[in-house]
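One letter stands for each residue in the lines below.
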Amino acid sequence: MDQQELRRREDQCIQDELPWCAAACPLHIDVRAFVGHLARSDRKEALGTLRRTMPLPNILGRICDAPCEEHCKRSEAGEAIRIGALERYCVCQGSEPQKLLPLPPRGKRIAIAGSGLSSLAAAWDCLRKGYGVCIFEPGKRPGGSLAEGYPDLLPWKVIEDEIAFLVKLGMEIQPGAAADGPGFLDNCLQSFGAVYVGLDSLRAGPWGLEEDDTGSIRVDPGTQGTSREGVFAGGLPRGGRISPVWQAAEGRFAANSMDRYLQRVSLTAGREKEGPLPTRLFAGITDVIPLPAIEASDPPKGYTSEEALHEARRCLQCQCLECVKVCVYLERFGAYPRKYTREIYNNESIVRGAHQANKLINSCSLCGLCEAVCPEGFAMQDLCREARESMVERGKMPPSAHEFALQDMAFSLSDRFALARHGPGLKASAQAFFPGCQLSGSQPDKVIAVYEYLRSRLTGGVGLMLGCCGAPAWWAGSREQFASCLEAVMGQWSSLGGPKLIFACSTCLRIFKDHLPEVAVTSLWTVLDEMEGPIPPGTSREPSLVLHDPCTTRSEPGIQTSVRHILGRLGVRVGELELGRARTECCGFGGLQQNANPEMARETARVRARRSEEDYLAYCAMCRDRLASAGKRVLHVLDLLFPDPRVPDPAALKDPGWSRRQENRSRLKDRFLEDLWSEPLMRTAEHRKIKLEIEPEVRVLLEERRILDEDLRKVIHHAEMSGEKFFHPETGRFKAAFRPRKVTFWVEYGRGAEGFVVYNAYSHRMELRVS
């Protein structure tokens, strides 16, 4: 990812866009934070938020006309937040002395005519920027126009205190000055670097400045420049209406322009974000309950503390986070895609040092729900998968992240499971059933039942392909292994004459559609729907179930509809999850999340399982097993279509675990070869003849540590054959190690009645060398 792509992706995430209130405010007051502090009864922080952006907060906070309220999102569900009233409440409660930290003196002075709000705001900002400021006030008392304009809201004491604060910072005042007289501007420009004319408190004088059609001084919006160089102005009514916040804003704009003028830089460059802005922020209000505004019981006094609290708590605190709301992964890392994009970019740019974002990159399930719910279509899954691919290519991917899943994939591609055959007694296949490695590992009996059914109902011959589609390599970002896997699968497919493939797994279907478009494919559920069968008796007696769609069917509405048709014919009542169909969630298996971040995968499954109290119905083997591992009662649709009388309660079946999956796949292939094709079985390796006895609690430990029975057997076989083992005389147990690949396994075991009892096992990547 280069800088240009980084900025494009960051811009796509709209979480940092201003909420409507702040975007509409010409001063961009952080209204969301301000009201949020009030909603938490933290008036001190609320006042601090106002002071960070608002000039003369004790004055403007009392009289702000709050144009932001017209844009408040709350108005779409009730009435707009009374932001102006909340500002007034906040600044009227008394406060700590305010602070303004000016920059070092610049040695230049600015003249300001008038002492209205725009003039004082310009003075506020010029002082902050390090300029000397002198106010020329025609009247005897500065701030008089403010006192006259808002007699009920602005006590003289407040005006005097605010002006005294500016004087303390170095502002000079010349009362009774002829600021509206002839020669004023000429005199000022001889002694000052720039001049600001506050038209909110001064009537137009004989200044020689150009006027518009209405007779007002012509002022350039934004820069506040006039027809004379070095002279700036502002504070006129807008749309025929006096707006205090706009007066203050124009004073601020003019202060910026005078600063630029004195520094001899462009008056316009880079000022696009001054003043009201459009915003792309999205804030869903579908579930927001409409509420009216809180009215002050005594309007002249304004809100009481209790009234302000209730009003502030109506604020929606608008932000997007649509993706974070529905994704455990995005939520757990504590930020949102814009920030994650920067972290991933930095992670990729590191030449030396710790790669802090590796966990972030490898924990995404790549399900794409973020893209489905994002108003801008931000695809976190693409960002993470591309980062993984880059890490693999640069040799920066930690082997522990995906190695186990890739070895499991290698198993499924090996002669222990992979198989391609025409139907028994046939030499051609119009179709071939591809059950996938997970259904074969989880429910091998269902694979046999489905294949028999397809052979009995479809014409032209139905072949069988056992193997792996390569999804683990694709998720891991390993181009080389993925290409190798596709080549192996294509070899199987070609050996059958290129039949149309029928997939039980929607992930396999997706991989083939995206990467092998030359292969004709369809879903098992589409085929069963079109065949209108099977319909076993008694299915309609199933209690109410809730249907879970696999995340890989999110872009396959036809498959989702077919499953519902099938269930409808069976008479099964199914409910829908709120996050279903096009917004369905991942079970925690996708994208190898379970390998890279097991705890997050467990939480993902738990969250999905808690979406409904009803039993679930799944049509993905891995989804079924992941939800079952989260303690959810869950059926597979094949449990209804091909019920097994030996399993009275299939919804209670546990996740078989990694070792059993591999054994099931291997045995499934043997059963097919023996029963359908009468072919001799492969010779069993010696270590696989070892019988293991493993208590359930030890089995759980082994699953968590990703240690397979195959690994245990290799260690014990090596120890027993070589004699390289330790013996503990008190327990009578042995301990032995073996390194069949890049991992060293240690097993604590003893002799059992028919084999060996495993008490414990662990592994590490260190290599032990005995000298």
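The present account deals with the structure reproduced in this document.

Thresholds applied
Residues numbered from 1 in each chain as written. Predicted model: local features only at pLDDT ≥ 70, side-chain atom pairs only at ≥ 80, totals over all residues. Heavy atoms only, no water. Axes fitted to C-alpha atoms, helices over the stretch in contact; angles between N-to-C directions. Helix = DSSP H or I, 4+ residues; strand = E, 2+ residues; numbered from the N terminus. Parallel < 35°, antiparallel > 145°, perpendicular 65-115°, else oblique. Left-handed = near helix turned anticlockwise from the far one by under 90°. Contact = heavy atoms within 4.5 Å. Nonpolar A, V, L, I, M, F, W, Y, C, P; charged D, E, K, R; others polar. Pairing = 2+ DSSP bridges. Patch = residues over 30% accessible without salt bridge, like charges linked within 9 Å, V, L, I, M, F, W, Y side chains within 5 Å. Areas by Shrake-Rupley, 256 points an atom, 1.4 Å probe, with all protein chains shown as cover. Salt bridge = Lys/Arg side-chain N within 4 Å of Asp/Glu carboxyl O. Lys, Arg positive; Asp, Glu negative; His and termini not counted. Charge placed at Lys NZ, Arg CZ, Asp CG, Glu CD. Buried < 20%, exposed > 50% of the residue type's maximum accessible area, 1.4 Å probe, protein only. Phe/Tyr/Trp six-rings, centres within 6.5 Å; stacked < 30°, edge-to-face > 60°.

1. Structural notes on the packing of helix 7 (residues 117-128) against helix 11 (residues 244-263)
A pair of packed helices is captured by two measures, namely the crossing angle of their axes and the spacing between those axes.
Piece 1. Close contact between helix 7 and helix 11 brings their axes to 7 Å; oriented N to C, the two are set at 40°. Relative to helix 11, the element helix 7 is oriented oblique. Crossing of helix 7 over helix 11 shows right-handed handedness. On helix 11, the residues that touch Leu117, Ser118, Ala121, Ala122, Asp125 and Cys126 of helix 7 are Pro244, Gln247, Ala248, Gly251, Arg252, Ala255 and Met258.
Piece 2. Its residues assigned to classes, the contact of helix 7 with helix 11 comprises eight nonpolar, three polar and two charged.

2. Here we look at the sheet that holds strand 8 (residues 462-466)
Piece 1. In spatial order, the strands read 6-8-7-9-10; together these five strands make up an open sheet with mixed pairing. Looking along the sheet, the strands with just one partner apiece sit at the ends: strand 6 (419-421) and strand 10 (521-523). Averaged over neighbouring strand pairs, the angle between their axes works out to 25° when direction is ignored.
Piece 2. Along the sheet, helix 21 (residues 444-457) contacts strand 7 (431-434), strand 8 and strand 9 (500-503); its crossing angle with strand 8, the most-contacted strand, is approximately 155°.

3. A closer look at a negative patch on the surface
Piece 1. Taken together, Glu693, Glu695, Glu697 and Glu754 make up a surface patch of like negative charges.
Piece 2. Within the fold, Glu697 resides in helix 32 (residues 696-704).
Piece 3. What makes Glu697 exposed here is its relative accessible area of 56%.

4. Topic: the packing of aromatic side chains
Aromatic ring pairs are described here by two measures, namely the spacing of the ring centres and the angle between the planes.
Piece 1. Enumeration over the complete set of coordinates arrives at 21 aromatic pairs.
Piece 2. A ring pair is formed by Phe404 and Trp658, whose centres lie 5.3 Å apart and whose planes are at 80°; its orientation type is edge-to-face. Within this pair, whereas Phe404 is found in helix 19 (residues 403-413), its partner Trp658 is found in helix 31 (residues 657-675), the two being separated by 254 residues in sequence.
Piece 3. Through a chain of ring-to-ring contacts, the aromatic side chains of Phe727, Phe734, Tyr749 and Phe756 assemble into a single cluster.

5. Brief notes about the sheet that holds strand 18 (residues 744-751)
Backbone-to-backbone hydrogen bonds pair the strands of a sheet. The strands run either parallel or antiparallel.
Piece 1. Strand order across the open sheet formed by five strands is 15-19-18-17-16, with mixed pairing between neighbours. Looking at which strands have only one partner, the edges of the open sheet turn out to be strand 15 (692-694) and strand 16 (726-728). Within the sheet, the average angular offset between the axes of one strand and its neighbour, ignoring direction, is 35°.
Piece 2. Here strand 16 pairs with strand 17 (residues 733-738) via three bridges, running antiparallel. In the sheet register, Phe726 faces strand 17, and the bridge partner there is Lys735.
Piece 3. Packing against the sheet, helix 32 makes contact with strand 15 and strand 19 (756-764), and its axis sits at approximately 20° to strand 19.
Piece 4. Running over the sheet, helix 33 (residues 709-722) touches strand 15, strand 17, strand 18 and strand 19 and is turned about 70° from strand 18.

Note that all results are geometric; they support no functional claim without further evidence.
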